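Here is how the chains run, residue by residue.
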Amino acid sequence: MRMAKGVEWALHTLLNLDMIGGGPVGSGQLAEAHGLSASYLNKQLQQLARAELVVSMPGPRGGFRLARPLESITLLDVVEAVEGDTQLFHCTEIRCCGKIGELSPPPTGACAVNAAMRRAEQAWREALAAQSLADIRSELDRVPMVRQVVRSVLN
């Protein structure tokens, strides 16, 4: 499974918005802080706004700010905001195709491969839902000067 780079960008952006203390920051400034494409980051920010993770504030001194505290934003919230909430595995009933499908009796139950993949995906989603951005922030707080660097670049 591969996630788009927008998930990483969104996670770092949300953490950076928290570290600067709540004021709005423009998408260009956020992008420049990490050397990212402003247009691509703005797309991620719009998705985060639709998911109500950030608020867009218009005007010359506008920008984006967090919509709620990091404690109430999970990794799953961010992944679903950027990637959507569609299922990762799509069973095409390959067990019914080709020579094996022709020679086998019609299946009477759920596909075992599909069921196993659904269980794995559910466990992955539960693991993402169990971690808040505040959890990550507490790890970042153990690294000296991270907050000061972010504040100096974004203020």
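This text gives an overview of the structure that appears in the document. (Residues numbered from 1 in each chain as written. Predicted model: local features only at pLDDT ≥ 70, side-chain atom pairs only at ≥ 80, totals over all residues. Heavy atoms only, no water.)

Turning our attention to the overall build of the protein chain. A tally of regular secondary structure across the protein chain gives eight helices and two strands. Scaling as 2.2 N^0.38, a compact globule of 155 residues should have a C-alpha radius of gyration of about 15 Å, whereas the protein chain reaches 21 Å, well beyond that. Here the C-alpha coordinates of the protein chain stretch approximately 70 × 30 × 25 Å along the principal axes. Charge-centre separation for the protein chain: the mean point of 16 positive side chains lies 3 Å from the mean point of 16 negative side chains. (Helix = DSSP H or I, 4+ residues; strand = E, 2+ residues; numbered from the N terminus. Rg over C-alpha atoms; globule rule 2.2 N^0.38 Å. Lys, Arg positive; Asp, Glu negative; His and termini not counted. Charge placed at Lys NZ, Arg CZ, Asp CG, Glu CD.)

If you look at the biggest cluster of nonpolar residues, it comprises 32 residues, and the most contacted ones within it are Leu-48, Val-78 and Leu-133. Put simply, the parts of the chain that give this core at least two residues each are α1 (5-19), α2 (27-34), α3 (38-50), β2 (63-66), α4 (75-83), α7 (133-140) and α8 (146-154). When neighbours within four sequence positions are excluded, Leu-133 is seen to be in contact with Leu-11, Leu-14, Leu-15, Leu-70, Ile-73, Thr-74, Leu-75 and Val-78. (Core = buried A, V, L, I, M, F, W, Y, C linked by side-chain atoms within 4.5 Å. Buried < 20%, exposed > 50% of the residue type's maximum accessible area, 1.4 Å probe, protein only. Contact = heavy atoms within 4.5 Å.)

Moving on: the packing of aromatic side chains. Here the structure, examined in full by the defined rule, presents one aromatic pair. One cation-aromatic arrangement involves Lys-5 over Tyr-40; the distance from NZ or CZ to the ring centre is 5.4 Å. (Phe/Tyr/Trp six-rings, centres within 6.5 Å; stacked < 30°, edge-to-face > 60°. Lys NZ or Arg CZ within 6 Å of the ring centre and 35° of its normal.)

Time to look at the side chain of Glu-121. For Glu-121, the location among the structural elements is in helix α6 (residues 112-129). For Glu-121, a relative accessible area of 8% gives the class buried.

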